[in-house]
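# Tertiary structure, described
Spelled out, the chains give:
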Amino acid sequence: MSTTASVIIIGAGISGISAAKVLVENGVEDVLILEATDRIGGRIQKQNFGDVPVELGAGWIAGVGGKESNPVWELASRSNLRTCFSDYTNARFNIYDRSGEIFPTGIAADSYTKAVDSAISKLKSLEALDYECAGQLAEEASSPPKTPIELAIDFILHDFEMAEVEPISTYVDFGEREFLVADERGYECLLYKMAEEFLFTSHGNILDNRLKLNQVVREVQQSRNGVVVKTEDGSVYEANYVIVSASIGVLQSNLLSFQPPLPRWKTEAIQKCDVMVYTKIFLKFPHCFWPCGPGQEFFIYAHELRGYFTFWQHMENAYPGSNILVVTLTNEQSKRVEAQSDQETLKEAMSVLRDMFGSTIPYATDILVPRWWNNRFQRGSYSNYPMISDNKLLQNIKAPVGRIFFTGEHTSEKFSGYVHGGYLAGMETSKSLLEEMKQSLLLQPLLAFTE
Ligand code: FAD
């Protein structure tokens, strides 16, 4: 027997929840949200570690303090979410070499300015070129960073701070400030707050049967009359429309199949979008041995291998006395540590910390390594559109195919990669779907007449 609804939403991350909320608020009450895991939140996920809640996925509300208000900042204000201001720009002045010396401010600043200038001129020359040959020519034209400090700065610039090179809508529209979420309830409480507004909840638990957890969707079949969705446990759901909010990494994998198969323009666009893997590794220590004064929240390790345990943050601003360090790895380094044991990763991290702070520092008592790449419901951390890409790519990723609509951070034209991108994309997709539903209702009498 199958369950029916007007709209099925696949995924209960921020985009799926915001999409469902818009539908319900506009009178489409019989929605069904199918979520693969046992929780809502997706890439917004809190876990307790070393007596404090840490954010495995999104950690910052990025883009605050500008002319326009970031909608996620508004949600946070309504929930009295506890946050701390973060200043990434400090990082470039706390760059350690392998012997534990900090590079003098002048050298670091000069290298930084040089790297920004070179990135800007590269970007400008790319903009003047045809998109198809841009990547190849950029590689030929650029002189790649070579020394450990150049590699470290290249990593901060390209894997963290692109705002200084390319105007990023998040910072242009919403402001340049970033706030780290430091709340016992976790970043995910914003989703629960949203869910409370349209789903039945009791004592913080969602008890509404329009949300079904542990439902791994494997197949979406569409016909002229509707959509049939099949899950791994053999359940079958029917609806008029479906909204897919699974990540771009999931769409690139073979977890979900579509019948009839998605058209080529769609699958090609999906495969073209890069997926960024971004991993925050948490380390707990018996006591603090790193500098914790003003301007020292972030520090950098300059190594001859780009991205090798480069970017560090202490959590004393968020949770004083927590004695936790976070090191961020990306892409190939993320995949490498995901494939090895946490003990091996701990050994590597300790050796890096001993380079920076000496051999007498205490050994970490615990480590937490999230595995976003190997998580079959994520397959990476967020979408990473090529710097110079034509808007067609995003439009094709976002475009509906018949009764199948697509949402998620990767469908946000201006804010892909961010929590607010997911939030706004969910709303926008539902608005387009409502429009489509209205049109098809208007057409119905006409069709009946012609039949
Ligand atoms: P998701 O949250 O991925 O939701 C999709 C849901 O679909 C998931 O719950 C998944 O389980 C479910 N799903 C997948 N496949 C299926 C299936 N087959 N059947 C049923 N359900 C399925 N953003 C910021 O703004 N600030 C940050 O500081 C920040 N840092 C980040 C750090 C990391 C490590 C990561 C991973 C992300 C970070 N982001 C950050 C990005 C942000 O988390 C995402 O952009 C946003 O949460 C994506 O929301 P979404 O709804 O599009 O997708």
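What comes next is a walk through the structure. Just so it is clear, the structure is predicted and the values come from calculations on it, not from any experiment. (Residues numbered from 1 in each chain as written. Predicted model: local features only at pLDDT ≥ 70, side-chain atom pairs only at ≥ 80, totals over all residues. Heavy atoms only, no water.)

## Let's talk about the packing of aromatic side chains
To describe a pair of aromatic rings, one takes the distance between the centres and the angle between the planes. Rules: Aromatic pairing here means that ring centres of Phe, Tyr or Trp (its six-membered ring) are within 6.5 Å. Orientation follows from the plane angle: under 30 degrees is stacked, over 60 is edge-to-face, and everything else is tilted. Under the DSSP-based scheme used, a helix requires at least four consecutive residues in state H or I and a strand at least two consecutive residues in state E, with every element numbered from the N terminus. Relative accessible area decides the class of each residue, using a 1.4 Å probe on protein chains only: under 20% of the type maximum gives buried, over 50% gives exposed, and in between gives partly exposed. Cation placement over rings: the criterion is NZ of Lys or CZ of Arg within 6 Å of the ring centroid and within 35° of the ring normal.
Counted according to the given criterion, the structure contains 22 aromatic pairs. Plain terms: the ring middles of F299 and F357 are 5.6 Å apart, the flat faces sit at 85° to each other, and that makes the pair edge-to-face. Taken together, the residues span a long stretch of sequence, with F299 in strand 18 (residues 298-301) and F357 in helix 11 (residues 342-357) at a distance of 58 residues. The residues F299 and F357 share a single accessibility class, namely buried. A connected cluster of aromatic rings, assembled from ring pairs, spans Y96, F285, F289, W290, F299, W312 and F357. Above the ring of Y112, the side-chain terminus of R92 is found at 3.7 Å from the ring centroid. The ring of W373 has K335 sitting right over it, with the charged end atom 4.0 Å from the ring centre.

## Some remarks on the environment of T170
Keep this limit in mind: By definition, residues are in contact when any of their heavy atoms lie within 4.5 Å.
Along the chain, T170 falls in helix 6 (residues 169-174). It is 7.4 Å that separates the C-alpha atoms of T170 and K414, two residues lying 244 residues apart in sequence. Dropping the residues within four chain positions of it, T170 is found in contact with A62, G63, G175, F415, Y418 and H420.

## Overview of the environment of E166
By the secondary structure assignment, E166 is in the loop between helix 5 (148-159) and helix 6. Each C-alpha atom of the pair E166 and T89 lies 16 Å from the other, and the pair is 77 residues apart in sequence.

## A word on the sheet that holds strand 6 (residues 83-86)
Condition: At least two DSSP bridges between two strands are required for those strands to pair. The convention used is that axes are lines fitted to C-alpha atoms, helices contributing only their stretch in contact, and that angles between N-to-C directions extend from 0 to 180 degrees.
Pairing is antiparallel across the open sheet formed by three strands, whose spatial order is 5-8-6. Here the strands that pair on one side only, and so sit at the sheet edges, are strand 5 (60-64) and strand 6. When the angles between neighbouring strand axes are averaged without regard to direction, this sheet yields 30°. Sitting on the sheet, helix 2 (residues 71-78) touches strand 5, strand 6 and strand 8 (177-181), and the angle it makes with strand 5 is about 120°.

## Looking at the packing of helix 9 (residues 264-272) against helix 12 (residues 391-398)
Let me state the cut-off plainly: Left-handed describes a crossing whose near helix is turned anticlockwise from the far helix by less than a right angle; the clockwise case is right-handed.
Here helix 9 crosses helix 12 at 115°, and the two axes come no closer than 8 Å. In the crossing of helix 9 with helix 12, the sense of the turn from one axis to the other is left-handed. When helix 9 is examined against helix 12, the residues W265, K266, A269, I270 and K272 are found in contact with a partner set consisting of L393, N396, I397 and K398.

## Quick look at the sheet that holds strand 19 (residues 311-314)
Strand order in this open sheet of six strands is 7-18-19-20-17-21, and the pairing throughout is mixed. If you trace the sheet from one side to the other, it starts and ends with strand 7 (95-96) and strand 21 (366-368), each paired once. Relative to strand 20 (residues 324-330), strand 19 is paired through four bridges, and the arrangement is antiparallel. Paired with Q313 across the bridge in strand 20 is V326. This element, helix 11, spans strand 7, strand 17 (278-284), strand 18, strand 19, strand 20 and strand 21 of the sheet and lies at about 95° to strand 18.

## Considerations on the pattern of salt bridges
Quick note on the threshold: By salt bridge we mean one thing: a side-chain nitrogen of Lys or Arg within 4 Å of a carboxyl oxygen of Asp or Glu.
Summed over all chains, the structure comprises 20 salt bridges. D159 is the partner of R306 in a salt bridge, and the nearest nitrogen-oxygen pair spans 3.0 Å. Of this pair, R306 sits in the loop between strand 18 and strand 19 while D159 is found in helix 5, placing the two residues 147 residues apart along the sequence. Exposure remark for R306: the relative accessible area of 31% places this residue in the partly exposed category. Residue class for D159 comes out buried when judged on its relative accessible area of 12%. Residues E428 and K398 are paired through a salt bridge, measuring 2.8 Å at the closest nitrogen-oxygen approach. One end of the pair, E428, is in helix 13 (residues 419-450); the other, K398, is in helix 12, and 30 residues separate them in sequence.

## Here we look at unusual backbone geometry
In this chain, Q259 is followed by P260 through a cis amide linkage whose omega measures -5°. With respect to the secondary-structure elements, P260 resides in the loop between strand 15 (257-259) and helix 9. For D51, which is not glycine, the phi torsion reads 70° and is therefore positive. Along the polypeptide, D51 turns up in the loop between strand 3 (46-49) and strand 4 (52-55). At F309, a residue that is not glycine, the phi angle is positive and equals roughly 45°. Position of F309 relative to the elements: it lies in the loop between strand 18 and strand 19. The buried category is assigned to F309, whose relative accessible area is 0%.

## Focus: the site of the ligand
What counts is decided by this rule: A cutoff of 4 Å decides nearness: a residue is near a molecule or strand if any of its heavy atoms lies inside that distance of it. Contacts described as polar in this section are N or O atom pairs within 3.5 Å, which, within protein, must combine one atom able to donate a hydrogen with one able to accept it, while residues neighboring in sequence count only if both atoms come from side chains. In this classification, the charged set is Asp, Glu, Lys and Arg, the nonpolar set is Ala, Val, Leu, Ile, Met, Phe, Trp, Tyr, Cys and Pro, and all remaining amino acids, among them Gly, are polar.
Close to the ligand lie 37 residues; S15, E35, R43, E409 and V419 are nearest. Take E35: an N or O atom from its side chain is 2.7 Å from an oxygen atom of the ligand. Note that an oxygen atom of the ligand is positioned 2.8 Å from one of the backbone N or O atoms of E409. In terms of residue class, the shell around the ligand is built from 20 nonpolar, 14 polar and three charged.

## Topic: the nonpolar core
Definition in use: To form a nonpolar core, buried Ala, Val, Leu, Ile, Met, Phe, Trp, Tyr and Cys residues must be joined to one another through side-chain atoms within 4.5 Å.
Ranked by internal contacts, the top residues of the largest apolar core, which has 42 residues, are V7, L23, I33 and Y187. For this core, the element with the most residues is helix 1 (residues 14-25), which contributes seven residues. Once residues lying within four places of it in the same chain are set aside, the contact partners of I33 are I9, G11, A12, I17, A20, F198, L199, R210, L211 and K212. If you look at the next biggest cluster of nonpolar residues, it comprises 36 residues, including L56, A152, F155 and Y319.

## Digging into the pairing of strand 14 (residues 236-244)
In regular strands, side chains alternate between the two faces of the sheet. When strand 1 (residues 3-10) meets strand 14, the two strands line up parallel, connected through seven bridges. Its bridge partner lying in strand 14, T3 is registered against Y237. Pairing analysis gives four bridges linking strand 13 (residues 227-231) to strand 14, with the strands arranged antiparallel. The residue bridging V227 from the neighbouring strand is A239, located in strand 14. The antiparallel hairpin formed by strand 13 and strand 14 contains four residues in its connecting segment, where G234 sits at a positive phi of about 90°. Pairing analysis gives three bridges linking strand 14 to strand 23 (residues 404-406), with the strands arranged parallel. Each bridged residue has a counterpart across the sheet, and for V242 the counterpart in strand 23 is I404.

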